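Examining the three-dimensional arrangement
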Amino acid sequence: MLRFKSRAGCVRELEGAAENKVREPKREQSSPITGLTGGKQIQSLDSPLETFVVCADGVCGFFRTPQQRHTDKGENMSTGRFRSGGRDQCRLHIVTWNVATAEPPEDVTTLLQLDVQPPADLYVIGLQEVNATPVRFISDLLVEDAWSHVFMDTLAPRGFVKVTSMRMQGLLLLVFAKQFHLPFIRNIQTTYTRTGFFGYWGNKGGVTVRFSFYGHMVCFLNCHLAAHVNYALQRVDEIEYILETQDFDLSDTPNVRDHKVVFWFGDLNFRIADHGLHFLRSSINSGRLNLLWNKDQLTMMKKKEAFLQEFEEGPLNFKPTYKFDRNGETYDTSGKKRKPAWTDRILWRIKPKTPPSEEDDEKASTSTDDGLDEYPLLVTQDKYTSDMSYGVSDHKPVIATFSLEVRKCFDTPLVHVSPLGVWSADQEALLNYTIQEDFMSSTWDWVGLYKVGFKSAFDYETFVWVREEELPETNEVIQRSVDKDEIPLLGGHYVLGYYSTNMQSIIGLSANFQILESKRAVMEDLVPENINALN
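Here we summarise the structure given alongside this text. Residue numbers here run from 1 along each chain, matching the order of that chain's written sequence. Owing to the predicted nature of the model, reporting of local features is limited to residues with pLDDT of at least 70; listing and counting of side-chain atom pairs is limited to 80 or more, with chain, interface and lining totals taken over all residues. Side-chain measures here rest on the full set of heavy atoms in the structure, leaving out hydrogens and waters.

**A closer look at the packing of aromatic side chains**
Stacked, edge-to-face and tilted labels apply to pairs of Phe, Tyr and Trp rings (six-membered ring for Trp) whose centres lie within 6.5 Å, assigned for plane angles under 30 degrees, over 60, and everything in between, in that order. By the definition in use, this model includes 25 aromatic pairs. Aromatic side chains Phe213 and Tyr214 sit 4.9 Å apart centroid to centroid with 85 degrees between the ring planes, which places their arrangement in the edge-to-face category. Residue class for Phe213 comes out buried when judged on its relative accessible area of 3%. Summarising the aromatic geometry, the rings of Trp446 and Phe463 are spaced 5.3 Å apart at their centres and angled 55 degrees between planes, so their arrangement reads as tilted. Here Trp446, found in strand β19 (residues 446–451), pairs with Phe463, found in strand β20 (residues 462–465); they are 17 residues apart in sequence, far enough to count as distant. In this structure an aromatic cluster arises from ring pairing among Trp446, Phe458, Tyr460, Phe463, Trp465 and Tyr499. Geometrically, a charge over a ring is one whose NZ (Lys) or CZ (Arg) sits within 6 Å of the ring centre while staying within 35 degrees of the ring normal. Seen from the ring of Phe160, Lys178 lies directly overhead, with NZ or CZ sitting 4.8 Å from the centre. Note on classification: 1.4 Å probe, protein chains only; a residue is buried when its accessible area is under 20% of the maximum for its type, exposed when over 50%, partly exposed between these limits. Secondary structure is summarised from DSSP: a helix means a run of H or I of at least four residues, a strand means a run of E of at least two, and numbering begins at the N terminus for each.

**A few points about the sheet that holds strand β18 (residues 429–435)**
By the convention used here, strands pair only if DSSP detects at least 2 bridges between them. With antiparallel pairing, the 3 strands of this open sheet are ordered in space as β16-β18-β21. Only two strands of the sheet have a single neighbouring strand rather than two, namely β16 (415–420) and β21 (477–482). In this sheet, neighbouring strand axes are inclined to one another by 25 degrees on average, regardless of whether the strands run parallel or antiparallel. Where β16 and β18 come together, 6 bridges link them in antiparallel fashion. Note that in β18 the partner of Val417 across the bridge is Tyr433. Under this scheme, a helix contributes an axis fitted over its contacting stretch, all axes are lines through C-alpha atoms, and angles between N-to-C directions fall in the 0 to 180 degree range.

**A closer look at the environment of Gly206**
With respect to the element layout, Gly206 can be found in strand β10 (residues 201–213). Those residues in contact with Gly206, other than ones at most four positions away along the chain, are Met168, Leu171, Thr191, Tyr192, Thr193, Leu221, Asn222, Cys223, Ile242 and Gln246. We call two residues contacting when some pair of their heavy atoms lies within 4.5 Å.

**Here we look at helix α4 (residues 232–245)**
By this rule, a helix spans an expected 1.5 Å times one less than how many residues it contains. Over its 14 residues, α4 extends 20 Å from the first C-alpha to the last, a length consistent with the 20 Å expected when each residue adds 1.5 Å. Those residues of α4 that fall on the buried side of the exposure criterion are Ala232, Arg235, Val236, Glu238, Ile239, Ile242 and Leu243. One side of α4 holds all its buried residues, which, seen down the axis, span an arc of 160 degrees. Throughout, the arc means the angular range of directions from the helix axis out to the C-beta atoms.

Geometric descriptors of this kind do not, in isolation, establish any biological role.
Rendered as structure tokens:
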């Protein structure tokens, strides 16, 4: 018997994957969870798949991920041959901002440069020092934090959907994508590393999101490193530790530096060495920023550390972004009079080309196959700047935009999903889905009904489980029904999305379609204000 659930809430327990295969446990309604216990995984009460992670030694972060993961190391779910002969250009917009526990501003339009052409395809936002007092942090686990809300509320009406997020105390990493990219963002994984107080506290460290984008593995790392001018070496040790210890499930990209491209950003806390306060401020006020570059600690460390030399950064042609009096553009006038510094940075790294072996050279010279482009993902930085107009923090946000030339490994969604016939709340509705390419599907997958302009995969109006009895065959057309009581009475424009629990993403989207206003709504002259009591 089919079961449906509206956004009012559904809780179920996810059991782990057995070795080399996916377990298909019975679907059961779990009881509400009222407390936090060390080392346990806790599900939220408003979606089938949200999982919170609570460390044994205290709350340290959460994942919006199901517990089931792809654990078969021998299978790579992103290995398609190139089907698109040319390259497609995608624009990436990255923001890093230490918000110093402040509440978000009402308007982030300038920060996101929403009116700039051509528009962005991906937004990646890394925040540091988000308010993480114990009471506030626990409340943010149960509902979205204020910063996530302001970005979702701003981006969703423009067709951007939150792909995933990662939180570790004050560190927050958000990823948004244009809706049409969602079926091609797969294998999403998140992780974190604590470096504060000898690795026991998460006020410092790094949070990471990685995923396959049209078959190319990309990684985003948001860091907050040790403070103060005398700790430059400790900052280097911390980022090296983060890069070496963070690991992931897929065999071809087990570590951060195995990804095709890595974007590293955050409050890296590197200062300007040697120069006095008067020289720093006079150089900044006169626009002679180049006089300060050689004493920038990150620039100096890159000359000494080979692993840092692999990361590229644009020129520092914007004023140092720390430390300011709040609500203004004046550098610190407090008693401490902190020296200005480029603490907030955005860098990137292209995976170095591995030199071919002699055997590979011989094969290449005798092969008649043109083969695949060794570097099908090209990165160009278009802008690197700060935005001085935001004053809620003692840091100014830093922005970088990139053009990504992508030669797609695939351009067909794994699942085709579509509505059948007329949809309205006056009758049961039907939908079809078809698996177009083999992937690790599960009876935990589901098809959600989303209002156009939805904010995330969990921002559904209702959802229906996929067929429970058996996993589908490729190209098999499967039909499901949606109870009329779960369909919005007032109708509107909607889209269907197939969510894969193993890939942790929407891997199939229907075209936009219209749900008709129900006869009941017309007869009773229902309006949006009182619809919730009836639907």
